[in-house]
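Here are the chains, one letter per residue:
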Amino acid sequence: MGARSDAKPKMVQAAKQLMRERGYHATAFSDVLTLSGAPRGSVYFHFPDGKTQLATAAAEAHAHEQVEIIDRAAEGADSPADLVERYVDLGRDGMVASDYSRGCAIAPLVIEGATRESAEIGETGRRTFTEMIDRLAFHFITLGVDQAAARSLADAVIAGVEGAMITSRARHSPAPYDAVKAGLTAYAASLSRPRRPAK
C-alpha cells in the first residue's frame, strides 16, 4: 500500500523532469510510468482527465520548486542586485550540472501550443509564471525597491532566465546566464534606494 500511495507524486516529478528535457508533446504516459516506476493502472486512477491534468500538475510542481529556489536565493541577499545574482547563478549552476539538458516545465505548454488545446493549461501557464514573478517582486520590495519597480524587475528576471535557459541549451554554454546576470544586476542596482544611516 505504501508504494501505491506515492505513485502520484512520483509521476508528477517524472513528468516534470521529462517535460523539462523533451517538452510537452514528446512526453508520453509510457515514459512517465517507466521513469516513475508507477504501475500502469495509476495513470487514469490519479489523472482521469489524461495528459492535460498530468502536465498541469507538473507545471505547478515546477513553479513551486522555483518559488522555493527564489526564497533560498533571498535568504542571504542584502540587496536587489545580490538577489538577482544569486537566483541567476542557481539557474546557471543547475543548467551546467544537467549538461545542458534541463529546460522549463511550464514553457513547453505555451511554446508548443498546448494552451490552444486546453483552457486549463492556458490558465496554468499564466498562473504559474505569475507565482514566480510575484515571489521575486515580494523579495525585491522587502529589499527596498518600490512596488512598481519591483514588479518590473521581477518580470525582467523571469523573462531573462527563461531566455537564458533556451539559448544556454542551444549553445551548450553558460554564457547567456552570465550576460543576463550582468545586465539585470546593473538594472537592479539602479533601483535600490540608498539605506538611511543608523541613528
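Structure's up top.
A quick note: this is a predicted structure, and the numbers were derived from the prediction, not measured.

Scoring rules and cut-offs
- Position numbers for residues count from 1 along each chain, tracking the sequence in the order it is written.
- Where local features are concerned, this predicted model is filtered to residues with pLDDT of at least 70; where side-chain atom pairs are given and counted, the filter is 80 or more; whole-chain, interface and lining totals use all residues.
- Side-chain metrics in this entry use all non-hydrogen atoms of the structure; hydrogen atoms and water are not considered.
- A run of H or I in DSSP counts as a helix once it spans at least four residues, and a run of E counts as a strand once it spans at least two, with each numbered from the N terminus.
- Residue exposure (1.4 Å probe, protein chains only): buried if accessible area is under 20% of the type maximum, exposed if over 50%, otherwise partly exposed.
- Residue contacts follow a heavy-atom distance rule, with two residues in contact if any of their heavy atoms lie within 4.5 Å.
- Throughout this description, the term nonpolar core refers to a set of buried Ala, Val, Leu, Ile, Met, Phe, Trp, Tyr and Cys residues connected via side-chain atoms within 4.5 Å.
- The criterion for an aromatic pair is that two Phe, Tyr or Trp rings (for Trp, the six-membered ring) have centres within 6.5 Å, with stacked assigned to planes under 30 degrees apart, edge-to-face to planes over 60 apart and tilted to the rest.
- A ring is considered to have a charge above it if a Lys NZ or an Arg CZ atom is located within 6 Å of its centre and within 35 degrees of its normal.
- Only the stretch in contact is used when a helix axis is fitted, and all axes are lines through C-alpha atoms; the angle between N-to-C directions ranges over 0 to 180 degrees.
- Classification convention: Asp, Glu, Lys, Arg as charged; Ala, Val, Leu, Ile, Met, Phe, Trp, Tyr, Cys, Pro as nonpolar; all other residues, Gly among them, as polar.
- Patch definition: residues above 30% relative accessible area lacking any salt bridge, with like charges linked at up to 9 Å and the nonpolar side chains Val, Leu, Ile, Met, Phe, Trp and Tyr linked at up to 5 Å.
- The protein chains shown are the only cover counted for residues, whose accessible areas, like all others here, come from Shrake-Rupley with a 1.4 Å probe.
- One side-chain nitrogen of Lys or Arg within 4 Å of one carboxyl oxygen of Asp or Glu is enough to make a salt bridge.

A few words on the environment of Thr115. Within the secondary structure layout, Thr115 lies in helix 8 (residues 114-117). Residue classification places Thr115 among the partly exposed residues on the basis of a relative accessible area of 28%. Between the C-alpha atoms of Thr115 and Ala81, which are 34 residues apart in sequence, the distance is 34 Å. When residues no more than four places from it in sequence are discounted, the contact partners of Thr115 are Leu109, Val110, Ile121 and Gly122.

This paragraph deals with the nonpolar core. Membership of the largest hydrophobic core comes to 59 residues, with the highest contact counts inside it found for Leu83, Tyr87, Met132, Leu136, Phe140 and Val157. Of all the elements in the fold, those that place two or more residues in this core are helix 2 (7-22), helix 3 (29-36), helix 5 (51-75), helix 6 (80-97), helix 7 (107-111), helix 9 (119-142), helix 10 (147-171) and helix 11 (175-191). At 11 residues, the largest contribution of residues to this core is made by helix 5. Discounting residues that sit within four places of it in the chain, Phe140 has contacts with Pro80, Leu83, Val84, Val145, Ala150, Leu153, Ala154 and Val157.

Turning to the packing of aromatic side chains, a few remarks are in order. Summed over the entire model, instances satisfying the criterion amount to one aromatic pair. One cation-aromatic arrangement involves Lys51 over Tyr24; the distance from NZ or CZ to the ring centre is 4.5 Å.

Our focus in this paragraph is the packing of helix 6 against helix 9. Direction vectors running N to C along helix 6 and helix 9 enclose 145 degrees, while the axes themselves pass 10 Å from each other. Along the contact surface, helix 6 presents Pro80, Leu83, Val84 and Tyr87, while helix 9 presents Met132, Leu136, His139 and Phe140. When the residues that make up the contact of helix 6 with helix 9 are grouped by side-chain class, the tally is seven nonpolar, one polar and no charged.

Together, Val110, Ile111 and Ile166 make up an exposed nonpolar region whose accessible area comes to about 300 Å². With respect to the helices and strands, the residue Val110 is situated in helix 7.

Another aspect to go through is the pattern of salt bridges. When charged atoms on two side chains of opposite charge get close, those side chains can pair. For the structure on display, the rule yields 11 salt bridges. We note a salt bridge from Lys181 to Asp89, for which the minimum N-O separation is 2.8 Å. Within this pair, whereas Lys181 is found in helix 11, its partner Asp89 is found in helix 6, the two being separated by 92 residues in sequence. Close ionic contact of Arg92 with Asp178 constitutes a salt bridge, the shortest N to O distance being 2.8 Å. In this pair, Arg92 is assigned in helix 6 and Asp178 in helix 11, connecting sequence segments 86 residues apart.

Turning next to the side chain of His139. Inspection of the secondary structure assignment puts His139 in helix 9. On the accessibility criterion, His139 (12% relative accessible area) is buried. Not counting residues up to four positions away in its chain, the partners in contact with His139 are Ile70, Asp71, Ala74 and Leu83.

As a further point, take the side chain of Lys181. Owing to a relative accessible area of 18%, Lys181 belongs among the buried residues under this scheme. When sequence neighbours within four positions are dropped, the list of residues in contact with Lys181 reads Glu85, Val88 and Asp89.

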